[in-house]
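One-letter residues, chain by chain:
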Amino acid sequence: GEQLPSVRSLAVELAINPNTIQKAYKMLEDDGLMESHSGAKSYMCFDDTTVTSVRKQLLESDATAIISSLKQMGLNKEEALALIETHWE
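Bear in mind the structure is a predicted one, so any value in this text is a computation, not a measurement. (Residues numbered from 1 in each chain as written. Predicted model: local features only at pLDDT ≥ 70, side-chain atom pairs only at ≥ 80, totals over all residues. Heavy atoms only, no water.)

A.B. asks: Teacher, can you tell me more about the overall build of the chain here?
C.D. replies: Within the chain one finds four helices and two strands. In sequence order, the secondary structure elements of the chain are arranged as α-α-β-β-α-α. Computed over the C-alpha atoms, the radius of gyration of the chain is 19 Å, more than 25% above the 12 Å expected from 2.2 N^0.38 for a compact globule of 89 residues. Seen through its principal axes, the chain has C-alpha atoms that stretch 55 × 30 × 25 Å. For the chain, with 89 residues in total, the buried portion stands at 16%. Within the chain, residue pairs in contact and separated by at least 24 positions form 24% of the contacts whose partners lie at least 6 positions apart. Both charge centroids of the chain, one from 8 positive and one from 14 negative side chains, sit 8 Å from each other. (Helix = DSSP H or I, 4+ residues; strand = E, 2+ residues; numbered from the N terminus. Rg over C-alpha atoms; globule rule 2.2 N^0.38 Å. Buried < 20%, exposed > 50% of the residue type's maximum accessible area, 1.4 Å probe, protein only. Contact = heavy atoms within 4.5 Å. Lys, Arg positive; Asp, Glu negative; His and termini not counted. Charge placed at Lys NZ, Arg CZ, Asp CG, Glu CD.)

This is the structure in structure tokens:
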């Protein structure tokens, strides 16, 4: 429910193009993580289901990249799991 800064103010704060902020806000809105109305303020709005879904998408993407790297390095599944286990703690 937190209010988000305006596109213009965030662009100034981050020293990036306002179009970049606008695209990011659009992506957040498309994913159901924010709500905005023309001429009104934008707010974060999401429930546990949305957060879980987005988190799963991000983690699956990261996991795929990590697994690909481990395979390229010649590790088998058992070696990869042992490596993960070592670094988990």
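Right, picking up where we left off after that structure.
A.B. asks: Which parts of the structure should I look at to understand the environment of Ile-21?
C.D. replies: The residue Ile-21 is located in helix H2 (residues 18-30) in this model. Separated by 59 residues in sequence, Ile-21 and Ala-80 place their C-alpha atoms 38 Å apart. Discounting chain neighbours no more than four positions away, the residues touching Ile-21 are Val-7, Leu-10, Ala-11, Leu-14 and Ile-16.

A.B. asks: Explain the layout of surface pockets to me, please; I cannot follow it from the model alone.
C.D. replies: Gaps between atoms show up when a probe of the same size as a water molecule is rolled over them. Of the pockets and cavities examined, the largest pocket occupies roughly 270 Å³. In terms of lining residues, the largest pocket is bounded by 13 residues, among which Ala-63, Ile-66, Ile-67, Leu-70 and Ile-84 are the most central. Secondary-structure elements contributing two or more residues to the lining of the largest pocket are helix H3 (48-72) and helix H4 (77-88). The greatest single-element share of the lining of the largest pocket, amounting to seven residues, is contributed by H3. Of the residues contributing to the lining of the largest pocket, the split by class is nine nonpolar, one polar and three charged. One number sums up the size of the second largest pocket: a volume of about 190 Å³. Taken together, 15 residues line the second largest pocket, and the ones lying closest to its centre are Val-7, Tyr-25, Ser-36, Ala-40 and Ser-42. In terms of residue count, the dominant contributor to the lining of the second largest pocket is H2 (four residues). Its residues placed into classes, the lining of the second largest pocket shows six nonpolar, six polar and three charged. (1 Å grid on protein atoms, 1.4 Å probe; cavity = no way out; pocket = protein on both sides within 12 Å on 5 of 7 lines; lining within 4 Å. Points joined across faces, edges and corners; volume = space filled by probe spheres on them. Nonpolar A, V, L, I, M, F, W, Y, C, P; charged D, E, K, R; others polar.)

A.B. asks: Just checking my understanding: could you explain the pattern of salt bridges for this structure?
C.D. replies: Taken as a whole and judged by the stated rule, the model has two salt bridges. Across the pair Lys-56 and Glu-60 runs a salt bridge whose closest N-O atoms are separated by 3.9 Å. Placement of the pair is Lys-56 and Glu-60 together in helix H3, with a separation of four residues, close to one helical turn. Of the residues examined, Glu-60 reaches a relative accessible area of 45% and is grouped as partly exposed. (Salt bridge = Lys/Arg side-chain N within 4 Å of Asp/Glu carboxyl O.)

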